[in-house]
Amino acid sequence: VHDGSVRSLSIASAENRKPQQSNKKKRNESPGGNDSGSSNLIPDVLISCGYDEAVNIFSLSKQQQSGELKTPSNLETPTCSSFAPPNDPSPTHVLIGLSSGKIVIYRKKDWSIQHILACHDEKGVNSIAVHPSGKMALSGGKDGKICLWDLMRGRLAFVHKISGGSMDGRKCTVNDIIWSDDGKRYAYCTHEGNITAREMETGNDLLNINLPTTSKPNQICFVGGEDGLFLAAGCNDGGLPLFSVGSVDEEDEEAGTRRALMAIEPVQGVATAGDERFKCIRSVKGGSGYLVITANSGGIISLVDLEGAARMMLDDGNDNEEDGQHGEEDSNTNYSSDEEDQDEDLAAEILSSVRIGSGARITAISVWSQSNTEDISFNVEEDGNNDVELDSNTVGDEPQLEETAHQMKKRKTTTISMGGKNNEIEMDSDAIERARALVSQAKKHEKRKSKKKKKKKQQ
C-alpha cells in the first residue's frame with residue numbers, strides 16, 4: 001500500500017443503507033422503536049498516511065482502494081490525520097498534519113484543499129485531535145506547542161507552550177493528544193514522560209504527572225463513564241498505567257485513595273522492553289466502558305478490559321472505610337493476604353489477542369466500534385471482486401490468542417480436542433489461579449455490599 005511505514009490511520013463512519021426489506025423487517029421486530037443513531041452506522045472510509053508522502057483512501061464497505069492523494073511537494077510527509085467531525089456519520093473534512101509543521105484541511109467530498117494551517121515549526125506535527133463538535137481541533141508537535149484551531153474560521157485560536165523540556169535544551173515533543181467523548185476535557189502525553197489532562201472550560205489541570213524516563217508514554221486514551229473518568233497510557237517499557245482524571249481533595253488522599261494503578265506491569269530487569277513496548281492504545285466504545293485496543297512492537301494487537309483497575313481505584317475509599325468500621329468482623333472471615341495480592345493481576349483482563357503476520361512492527365492503529373454489531377451489513381456491488389485475500393503468514397496452526405512476550409515465559413502447553421483435531425493451545429500457567437482469585441474477589445465484594453445493605457436497614 002505504502003512505500004515505507006504507515007504513519008497514521010483514520011476511519012470515518014457512514015449510515016448503514018440497508019435494502020428496504022431489511023429495514024421493514026427490523027421495524028417489525030422493534031415496533032414503535034427508534035433505532036436511529038450509532039447502531040445504524042458502519043465503518044465507511046479509511047485513510048492511511050505514509051512515509052511516501054501519499055494519503056491512500058479506502059472504501060471499507062466495498063473493500064477496495066478508492067483513491068490516492070499526494071501531499072503538496074513543499075509540505076513533506078503526512079504524519080497524522082483526523083476526520084471532522086470525528087464521530088459524525090457524514091464527516092465533511094479531513095485534517096492531515098505534516099512533517100513540515102503545516103496542517104492541510106481537505107474537503108472530503110472531492111478531496112480538494114480548503115485551508116493550510118501554520119503554527120508548528122519545521123520539526124513537524126505529531127498528533128491531531130478534532131473536537132467531537134467538529135468546530136475546533138488540537139494539534140501537538142515536536143516544537144513543544146499545543147495549538148487550538150478554530151475550524152469554523154480556519155485560523156489559530158490559542159497556543160500553549162509546554163514547559164520542562166529535556167536537559168540538553170530541546171523542547172518537549174507531544175506524542176499524542178486526545179479529547180474526551182463529551183468534549184469537556186482533553187489530554188496529551190510527551191516524549192519526555194509527562195501526561196496532562198485538562199478541563200476545557202476552565203483550563204484547570206485534572207491530571208499532571210511525570211513518568212520515569214524509561215516509561216515514555218507513546219499514546220493515551222480516555223476510558224470510563226458516569227462512575228469516573230480515567231486515562232490509560234501505553235508506555236515504552238511495556239507498562240500500561242491507568243490514571244484517575246479529576247481532583248482529589250486532601251481528605252481522600254489521606255484515606256489512601258489511589259489516583260493511579262499499573263494495570264499491566266512494565267518489563268523488569270532489561271534495558272529496553274523491545275517487542276513488548278506498547279506503541280498504540282485506543283479506547284473502544286461499548287462493552288464495559290473500559291475496553292482498549294493495544295498494539296506492541298512485536299506485532300501483537302490485544303483487546304484489554306481495564307475495568308478491574310478502575311474498580312480498584314473507585315472502591316478504594318469504600319473499602320478503607322468498611323475495613324475501619326468492621327475490622328473485627330472482617331478479621332474472622334476466611335480471606336488470606338494472598339487474595340488481596342491478586343488485585344494487581346486482575347487489574348487488566350486480556351480478552352483477545354492476535355499476532356499480525358510473523359510479528360510485523362506496528363506503527364499505527366485505528367479503532368471503529370459500536371455496541372450492536374448484529375445488524376451490520378455491507379452493500380457490496382456484485383460486479384466487483386470483493387474477496388479478501390489473506391496472507392498465508394497470518395493464518396495457520398498458530399493460536400490466534402497471543403500474550404506479550406514476558407507473559408509467555410510462564411506458559412505451558414495443553415492439548416485440547418477441537419472439532420476432531422488436536423490443536424496445541426498455549427495457556428498461561430497462572431490462568432486458573434487468576435480465575436479462582438477473580439471468583440474469590442467477586443464474592444468478597446458481594447459480602448461487603450451485603451454488609452452495607454444490612455447496615456442501612458438497621459439505621
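Residues numbered from 1 in each chain as written. Predicted model: local features only at pLDDT ≥ 70, side-chain atom pairs only at ≥ 80, totals over all residues. Heavy atoms only, no water.

A.B. asks: Looking at this structure, how should I read the overall build of the protein chain?
C.D. replies: Of regular secondary structure, the protein chain possesses seven helices and 26 strands. Looking at the protein chain as a whole, 42% of its 459 residues are labelled buried. Long-range contacts, defined as pairs at least 24 residues apart, comprise 53% of the intrachain contacts of the protein chain with a sequence gap of at least 6. About 25300 Å² of surface is accessible on the protein chain, with carbon and sulfur atoms providing 45% of the total. (Helix = DSSP H or I, 4+ residues; strand = E, 2+ residues; numbered from the N terminus. Buried < 20%, exposed > 50% of the residue type's maximum accessible area, 1.4 Å probe, protein only. Contact = heavy atoms within 4.5 Å. Areas by Shrake-Rupley, 256 points an atom, 1.4 Å probe, with all protein chains shown as cover.)

A.B. asks: Looking at this structure, I do not really get the nonpolar core. What am I missing?
C.D. replies: A general trend in soluble globular proteins is that nonpolar side chains are found buried together. Formed by 22 residues in total, the largest nonpolar core has its most connected members in L240, L242 and L306. Within the residue set of this core, elements represented by two or more residues are strand 17 (217-225), strand 18 (228-235), strand 19 (240-245), strand 20 (260-264), strand 21 (278-283) and helix 3 (307-325). A per-element tally of this core places helix 3 first, with four residues. When near neighbours in sequence (up to four residues on either side) are disregarded, L306 contacts A232, L240, L242, A263, Y290, V292, A347 and A348. Of all hydrophobic cores here, the second largest spans 16 residues; its members include I178, I195, L206 and V245. (Core = buried A, V, L, I, M, F, W, Y, C linked by side-chain atoms within 4.5 Å.)

A.B. asks: Would you mind showing me how to read the pairing of strand 13 (residues 174-179) here?
C.D. replies: On a regular strand, one side chain projects to one face of the sheet and the next to the other, so that they alternate. With six of six residues buried, strand 13 is to be regarded as a mostly interior element. As paired elements, strand 13 and strand 14 (residues 185-190) share five bridges and run antiparallel to each other. When the bridges of strand 14 are listed, D176 appears paired with C189. Linking strand 13 back to strand 14 in an antiparallel pair, the connection comprises five residues, with G183 at a positive phi of about 75°. (Pairing = 2+ DSSP bridges.)

A.B. asks: Looking at this structure, I do not really get the sheet that holds strand 21. What am I missing?
C.D. replies: Either a parallel or an antiparallel arrangement is found when strands of a sheet pair, and the pairing is made through backbone hydrogen bonds. Taken in spatial order, the four strands of this open sheet run 21-22-23-24, and their pairing is antiparallel. Every other strand in the sheet has two partners, leaving strand 21 and strand 24 (349-355) as the edge strands with one partner each. Averaged over all pairs of adjacent strands, the angle between their axes in this sheet comes to 20°, without regard to strand direction. When strand 22 (residues 291-296) meets strand 23 (residues 300-305), the two strands line up antiparallel, connected through five bridges. Within strand 23, the position partnered with T294 by the bridge is S302. (Axes fitted to C-alpha atoms, helices over the stretch in contact; angles between N-to-C directions.)

A.B. asks: Please explain the packing of aromatic side chains as it appears in this structure.
C.D. replies: Between two aromatic rings, the relevant description is the distance of the centres plus the angle of the planes. Enumeration according to the criterion identifies two aromatic pairs in this entry. Judged by centre distance (5.8 Å) and plane angle (65°), the ring pair of W179 and Y186 falls under edge-to-face. Comparing W179 with Y186, the two get one shared label, buried. (Phe/Tyr/Trp six-rings, centres within 6.5 Å; stacked < 30°, edge-to-face > 60°.)

A.B. asks: Is there a simple way to explain the environment of L156 in this structure?
C.D. replies: Of note, L156 is situated in strand 12 (residues 155-161). On a C-alpha basis, the gap between L156 and C119 in space is 7.7 Å, while along the polypeptide they are 37 residues apart. Excluding its chain neighbours within four sequence positions, the residues that come into contact with L156 are C119, C147, L148 and W149.

A.B. asks: For this particular structure, what's the right way to read the side chain of S297?
C.D. replies: Among the secondary structure elements, S297 is positioned in the loop between strand 22 and strand 23. For S297, the contacting residues outside a window of four places in its chain are G274, D275, R277, K279, A360 and R361.

A.B. asks: Is there a simple way to explain the pattern of salt bridges in this structure?
C.D. replies: Where charged atoms from two side chains of opposite charge come close, those side chains can pair. By the definition in use, this model includes eight salt bridges. The salt bridge partner of R311 is D227, with a shortest N-O separation of 3.0 Å. Residue R311 is found in helix 3, and its partner D227 is found in the loop between strand 17 and strand 18; the two are separated by 84 residues along the sequence. (Salt bridge = Lys/Arg side-chain N within 4 Å of Asp/Glu carboxyl O.)

A.B. asks: Would you mind showing me how to read the side chain of S61 here?
C.D. replies: Relative to the helices and strands, S61 is located in the loop between strand 3 (54-59) and strand 4 (64-70). Engagement of the side chain of S61 in a polar contact is seen with the side chain of S59, the distance being 3.2 Å. (Polar contact = N/O pair within 3.5 Å; in protein donor to acceptor, adjacent residues only side chain to side chain.)

A.B. asks: Explain the sheet that holds strand 4 to me, please; I cannot follow it from the model alone.
C.D. replies: Taken in spatial order, the four strands of this open sheet run 1-2-3-4, and their pairing is antiparallel. One side of each edge strand has no neighbouring strand; the edge strands of this open sheet are strand 1 (6-15) and strand 4. Going across the sheet, the axis of each strand differs from the next one's by a mean of 20°, ignoring polarity.

A.B. asks: How should the pairing of strand 6 (residues 93-98) be read in this particular structure?
C.D. replies: Strand 6 sits mainly inside the fold: five of its six residues count as buried. Relative to strand 6, strand 5 (residues 78-84) is paired through six bridges, and the arrangement is antiparallel. Within strand 6, the position partnered with P78 by the bridge is L98. Bridge analysis of strand 6 against strand 7 (residues 102-107) gives five bridges, and the strand direction is antiparallel. Bridged to V94 within strand 7 is Y106. Linking strand 6 to strand 7, which pair antiparallel, is a turn of three residues; within it G101 sits at a positive phi near 95°.

A.B. asks: Please clarify how unusual backbone geometry should be interpreted in this entry.
C.D. replies: Glycine aside, negative phi is the norm for most residues, and most peptide bonds take the trans geometry. The amide bond that connects A84 to the next residue, P85, takes the cis arrangement and shows omega of -10°. When you line up the elements, P85 lands in the loop between strand 5 and strand 6. You will see that E53, though not glycine, has its phi angle at about 65°, which is positive. As for its placement among the helices and strands, E53 is situated in the loop between strand 2 (41-50) and strand 3. Even without a glycine there, the phi angle at Q63 is positive, about 55°. Inspection of the secondary structure puts Q63 in the loop between strand 3 and strand 4. A relative accessible area of 40% means that Q63 is categorised as partly exposed.

Everything listed here is a matter of geometry and, on its own, says nothing about what the molecule does.
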